[in-house]
Amino acid sequence: MAGGYRSPPLPRGSLQPVGAGGCSRTPPPPVCRTTVAGQPGLTPTLPSLWLGSVLSKEMDEGEKPARKGFGPAGEPRERGAAPHLGSRLSGPRSEPSGFLSPGLCPADAQPTAAETAVWNPVNAVLEEAQAVLAELQSYTGAGQEIREAIQNPADPRLQERAWGAVCPLVAKLKRFYEFSLRLENALRSLLEALTSPPYAPTQHLEREQALAKQFAEILHFTLSFDELKMTNPAIQNDFSYYRRTISRNRINNLQLEAESEVNNEMANRMSLFYAEATPMLKTLSNATTKFVSENKTLPIEDTTDCLSTMACVCRVMLETPEYRSRFTNTETLLFCMRVMVGVIILYDHVHPVGAFAKTSKIDMKGCIKVLKDQPSTSTEGLLNALRYTTRHLNDDTTSKQIRALLQ
């Protein structure tokens, strides 16, 4: 139908958008249907665009509001149904609320009393994240001072000038690195809260909407940080000069005051961090993989279903004109795209066969297409993240069509 919503065909076993039925002048809201181990699961609908504020669910006729998960030995276990959510689920708004509105925290995405123990420390980290991004955006580097020092190695004045310019910048890079460790802990606490028994992942996303919003904000920050880092070669140049200088000083038995703040051991850890094209994303991917491996009694589906549901919601919102028309600024679109790419990469790192296989619950063709439909200036960094920071893109299970889409 011209102008109507049309979802691309999805591989078997993925989150399937289906029509809600009935005749209407506007397209029916799509539904992301999740199945776990062949069992019908929760069916969250998207008419009010969940993403931090609304993730309502419709149950198939005769379907019980429960989900079966599987323990480490493969035995089924029952999962309880989500309780009634009452007024926390609001109706459609002019623009999607919740974590799709950067800088806006609507009342229905505020933490409940049960969420505050996790929400408060994560919120402190997210507040710091804004300062980190601002510092990174204003990072200009010491390129001129370094060039002059290298070109005039016998001039102690220029050597001192370059060292004086680089040291405060390296201290800033150290703060970024140390923040990545706090961000890792924040992500882990959210994963624990959004996957813990007795609720299924989609039930958690309904119940703990404020925590789901924070999860998305972490991914938004992560992709934003890495995009800025990738386009700022001064970071690597400054840090490389710093390391060369302290190495030369060590050979000459010299000890500079700045080394007490960023010593050789810290410099080694920072070097590994900044050597990554997307250091923050790499940190979160490792943290998610570690979370799954350390929680052996928790079915891996609890984590991957949470991630695939978020990816599905983001994709549907981006590709559906009815929903896109509610967005009032480009930052909202970027937010949604970054969250979608972030959860895809985390999914690909923790799922045994990854996000690109036919059995994946993420519609990778649809996700890539919706990115490519945007201006390249907005999405090239996100497409590169899919190309170079995923684990399974080059596996034999990845179709040639998907690989071609990412070329």
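None of these values were measured; they are calculated from a predicted model. (Residues numbered from 1 in each chain as written. Predicted model: local features only at pLDDT ≥ 70, side-chain atom pairs only at ≥ 80, totals over all residues. Heavy atoms only, no water.)

Caption draft 1: Structural detail: the packing of aromatic side chains. Counted according to the given criterion, the structure contains eight aromatic pairs. Taking 5.2 Å as the distance between ring centres and 5° as the angle between the ring planes, the aromatic pair formed by Trp-163 and Tyr-242 counts as stacked. Pair noted here: Trp-163 is in helix 3 (residues 156-195) and Tyr-242 is in helix 6 (residues 234-251), with a separation of 79 residues, a long-range link. With respect to burial, Trp-163 and Tyr-242 carry one shared label: buried. A ring pair is formed by Phe-273 and Tyr-274, whose centres lie 4.9 Å apart and whose planes are at 85°; its orientation type is edge-to-face. Like Tyr-274, Phe-273 is buried. (Phe/Tyr/Trp six-rings, centres within 6.5 Å; stacked < 30°, edge-to-face > 60°. Helix = DSSP H or I, 4+ residues; strand = E, 2+ residues; numbered from the N terminus. Buried < 20%, exposed > 50% of the residue type's maximum accessible area, 1.4 Å probe, protein only.)

Caption draft 2: Broad picture of helix 11 (residues 330-350). For helix 11, spanning 21 residues, the distance from its first C-alpha to its last is 31 Å, which sits close to the expected 30 Å at 1.5 Å a residue. A large share of helix 11 lies buried, amounting to 19 of its 21 residues. With a side-chain oxygen lying 3.2 Å from the backbone nitrogen of Glu-331, the N-terminal cap of helix 11 falls on Asn-329. (Expected span 1.5 Å × (residues − 1). Polar contact = N/O pair within 3.5 Å; in protein donor to acceptor, adjacent residues only side chain to side chain.)

Caption draft 3: Molecular detail of the pattern of salt bridges. Per the stated rule, a full pass over the model turns up 16 salt bridges. With its nearest N and O atoms 2.9 Å apart, the salt bridge here joins Glu-135 to Arg-175. With Glu-135 in helix 1 (residues 116-137) and Arg-175 in helix 3, the pair connects residues that are 40 residues apart, well separated along the chain. Residue Glu-135 is classed as partly exposed on the basis of its relative accessible area of 23%. (Salt bridge = Lys/Arg side-chain N within 4 Å of Asp/Glu carboxyl O.)

Caption draft 4: Here's a closer look at the nonpolar core. Judged by nonpolar contacts, the single largest core of 101 residues is most densely connected at Phe-215, Ile-218, Phe-221, Met-270 and Ile-344. Here this core takes 18 residues from helix 3, the largest share from any one element. Those residues in contact with Phe-215, other than ones at most four positions away along the chain, are Leu-187, Leu-190, Leu-191, Leu-194, Leu-307, Met-310, Val-343 and Leu-346. (Core = buried A, V, L, I, M, F, W, Y, C linked by side-chain atoms within 4.5 Å. Contact = heavy atoms within 4.5 Å.)

Caption draft 5: Structural detail: unusual backbone geometry. With omega at 10°, the peptide bond leading from Pro-197 into Pro-198 counts as cis. Residue placement: Pro-198 occurs in the loop between helix 3 and helix 4 (201-207).

Caption draft 6: Here's a closer look at the packing of helix 9 (residues 300-319) against helix 12 (residues 364-372). Following both chains from N to C, one finds helix 9 and helix 12 inclined at 45°, their axes separated by 10 Å at the closest point. Classified by the interaxial angle, the pair formed by helix 9 and helix 12 is oblique. You can see that helix 9 and helix 12 cross each other, and the crossing is left-handed. Residues Arg-315, Leu-318 and Glu-319 of helix 9 touch helix 12, and the partners they reach there are Gly-366, Cys-367 and Val-370. (Axes fitted to C-alpha atoms, helices over the stretch in contact; angles between N-to-C directions. Parallel < 35°, antiparallel > 145°, perpendicular 65-115°, else oblique. Left-handed = near helix turned anticlockwise from the far one by under 90°.)

Caption draft 7: Expanded view of the environment of Leu-187. Examined against the element boundaries, Leu-187 turns out to sit in helix 3. A residue is classified by how much of its surface remains accessible, and Leu-187, at 0% relative accessible area, is buried. For the pair formed by Leu-187 and Ala-287, sequence separation is 100 residues and the distance between their alpha carbons is 7.7 Å. Beyond its immediate stretch of four places on either side in the chain, Leu-187 contacts Phe-215, Ile-218, Leu-284, Ala-287 and Thr-288.

Caption draft 8: Local environment of the confidence of the model for the protein. Residues of the protein with pLDDT of at least 70 account for 71%, and the chain-wide mean is 76. Below a pLDDT of 50 lies the segment residues 1-108, which in the model reaches 261 contacts outside its immediate sequence neighbourhood of four places, other chains included. (pLDDT = per-residue confidence, 0-100.)

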